[in-house]
Amino acid sequence: MSEQRILILLGPPGAGKGTQASRLAAHLGLPHVATGDLFRENLSQGTALGQRAKSFMESGKLVPDELVLEMLFDRVSRPDCAGGYLLDGFPRTLPQAEALTERLAGLSVSTLSLEVPDDQLVERASGRLLCKSCSNIHHATFSPPRVAGVCDACGGELYRRKDDDPAVVRERLAVFHEQTQPMIDYYARQGSLESIDGTQSPDDVFASLLARLDAGTSAGGRA
Ligand code: AMP
């Protein structure tokens, strides 16, 4: 088996991480591991973990690190992640990033950050529509479904996340600046961060991500 390839996609809520991560993961043949999706699955299945995460998620706060780390490390230990994986929505705090760095010591890691100014993020997040079946993402204005309320990819039912309400998005943005930005700065200080202009069209963002990954692959890069 070739060595593990690990990608980390960072960025504020509404920057397009979920859309780009599923596209990238499919393109590269890697599992897309999104901590927000894992929590939402736990929530809809009524697990103990989902119950513990619920109030944090609904108010736009971060779920405590120990719950996130346990869930994430369990997920990436599964056989489908043996060749690598793409992380979306993790890490989100400095302790999460440090725990990940320790776990991945010596492995090849690419860290990409989507940058979008705050004033565009509330509009983006509050128009977002998610598929109940396949987690595909539409946007009411920027990428409306062909049939209202129905996912183009699988025909599943579209819904709006409770935490995409504009008031909760503003809280999530405040949390991002307070707790997540210092973690992104940590990667930047290590010189291992690729910043991408997330205000481009989705196709251009995707092309930029691929170009950075290609450049990074030829230059090498280890945790
Ligand atoms: P997301 O789908 O990535 O926007 O995540 C939705 C919500 O799940 C967040 O607002 C948090 O409440 C929780 N969550 C997801 N990932 C993390 C994480 N890495 N650390 C803490 N909370 C998280």
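Residues numbered from 1 in each chain as written. Predicted model: local features only at pLDDT ≥ 70, side-chain atom pairs only at ≥ 80, totals over all residues. Heavy atoms only, no water.

Turning to the packing of aromatic side chains, a few remarks are in order. The final tally for this structure, using the stated rule, is one aromatic pair. Ring plane angle 75 degrees and centroid distance 5.3 Å describe the contact between Tyr186 and Tyr187, whose orientation is recorded as edge-to-face. Grouping residues by exposure puts Tyr186 and Tyr187 together as buried. The ring of Phe206 is capped by Arg23, whose NZ or CZ atom sits 4.2 Å from the centre of that ring. (Phe/Tyr/Trp six-rings, centres within 6.5 Å; stacked < 30°, edge-to-face > 60°. Buried < 20%, exposed > 50% of the residue type's maximum accessible area, 1.4 Å probe, protein only. Lys NZ or Arg CZ within 6 Å of the ring centre and 35° of its normal.)

Here the focus is the site of the ligand. Among the 16 residues in the neighbourhood of the ligand, the closest are listed as Thr35, Arg40, Lys61, Gly89 and Gln96. Between the ligand and Arg172 there is a distance of 3.2 Å, counted from an oxygen atom to a side-chain nitrogen or oxygen. Taking 480 Å² as the accessible area of the ligand by itself, protein coverage stands at 95%. With four residues, the single largest contributor to the shell around the ligand is helix H2 (residues 35–44). In terms of residue class, the shell around the ligand is built from six nonpolar, four polar and six charged. (Near = heavy atom within 4 Å. Polar contact = N/O pair within 3.5 Å; in protein donor to acceptor, adjacent residues only side chain to side chain. Areas by Shrake-Rupley, 256 points an atom, 1.4 Å probe, with all protein chains shown as cover. Helix = DSSP H or I, 4+ residues; strand = E, 2+ residues; numbered from the N terminus. Nonpolar A, V, L, I, M, F, W, Y, C, P; charged D, E, K, R; others polar.)

Moving on to the pairing of strand S3 (residues 84–88). The element S3 is extensively covered by neighbouring structure, given that five of its five residues are classed as buried. Taking every second residue as pointing to the same face, both faces of S3 are buried, with Gly84, Leu86 and Asp88 on one and Tyr85 and Leu87 on the other. Of the strand pairs in this sheet, strand S2 (residues 32–34) and S3 are connected by three bridges, and their pairing is parallel. Bridged to Ala34 within S3 is Asp88. (Pairing = 2+ DSSP bridges.)

As a further point, take the sheet that holds strand S7 (residues 158–159). Overall, antiparallel pairing links the three strands, which are arranged S6-S5-S7 in an open sheet. Looking at the sheet topology across the chains shown, the edges are occupied by strand S6 (137–139) and S7. By the bridge criterion, two bridges tie strand S5 (residues 128–131) to S7 in an arrangement that is antiparallel. When the bridges of S7 are listed, Leu130 appears paired with Tyr159.

Let us now look at the pattern of salt bridges. Applying the stated criterion across every chain, the model contains 14 salt bridges. As a salt-bridge pair, Glu58 and Lys162 come within 3.5 Å of each other at their nearest N and O atoms. Of this pair, Glu58 sits in helix H3 (residues 48–58) while Lys162 is found in the loop between S7 and helix H7 (166–189), placing the two residues 104 residues apart along the sequence. Under the relative-accessibility criterion, Glu58 is labelled partly exposed at 29%. (Salt bridge = Lys/Arg side-chain N within 4 Å of Asp/Glu carboxyl O.)

Glancing now at the side chain of Arg124. Mapped onto the secondary structure, Arg124 falls in helix H6 (residues 118–126). There is no salt bridge for the buried Arg124, and the closest opposite charge comes from Asp197, which lies 7.1 Å off by N-O distance. Within polar-contact distance, the side chain of Arg124 engages the backbone oxygen of Gly198 at 2.9 Å. The contacts of Arg124, once residues within four sequence positions are left out, are Gly14, Ala15, Gly16, Val116, His139, Phe142, Gly198 and Thr199. (Lys, Arg positive; Asp, Glu negative; His and termini not counted. Contact = heavy atoms within 4.5 Å.)

Here we come to the sheet that holds S2. Here five strands make up an open sheet; going across it, the order is S2-S3-S1-S4-S8 and the pairing parallel. Strands with a single pairing partner mark the edges of an open sheet, and in this sheet they are S2 and strand S8 (193–197). Sheet twist, expressed as the average angle between the axes of neighbouring strands with direction ignored, equals 25 degrees. When strand S1 (residues 5–10) meets S3, the two strands line up parallel, connected through five bridges. Note that in S3 the partner of Arg5 across the bridge is Gly84. (Axes fitted to C-alpha atoms, helices over the stretch in contact; angles between N-to-C directions.)

Formed by 32 residues in total, the largest nonpolar core has its most connected members in Val33, Phe39, Val76, Tyr85, Leu87, Leu100 and Tyr187. Listed by contribution, the elements that provide at least two residues to this core are S1, H2, H3, helix H4 (65–76), S3, helix H5 (94–103) and H7. Ignoring any residue separated from it by four or fewer positions in sequence, one finds Leu87 in contact with Leu7, Ile8, Leu9, Val33, Leu72, Val76 and Leu100. Counting 22 residues, the second largest nonpolar core, distinct from the first, contains Leu24, Leu121, Val169 and Phe206. (Core = buried A, V, L, I, M, F, W, Y, C linked by side-chain atoms within 4.5 Å.)

The next thing to look at is the environment of Ala148. Turning to its location among the elements, Ala148 is positioned in the loop between S6 and S7. For Ala148, a relative accessible area of 73% gives the class exposed.

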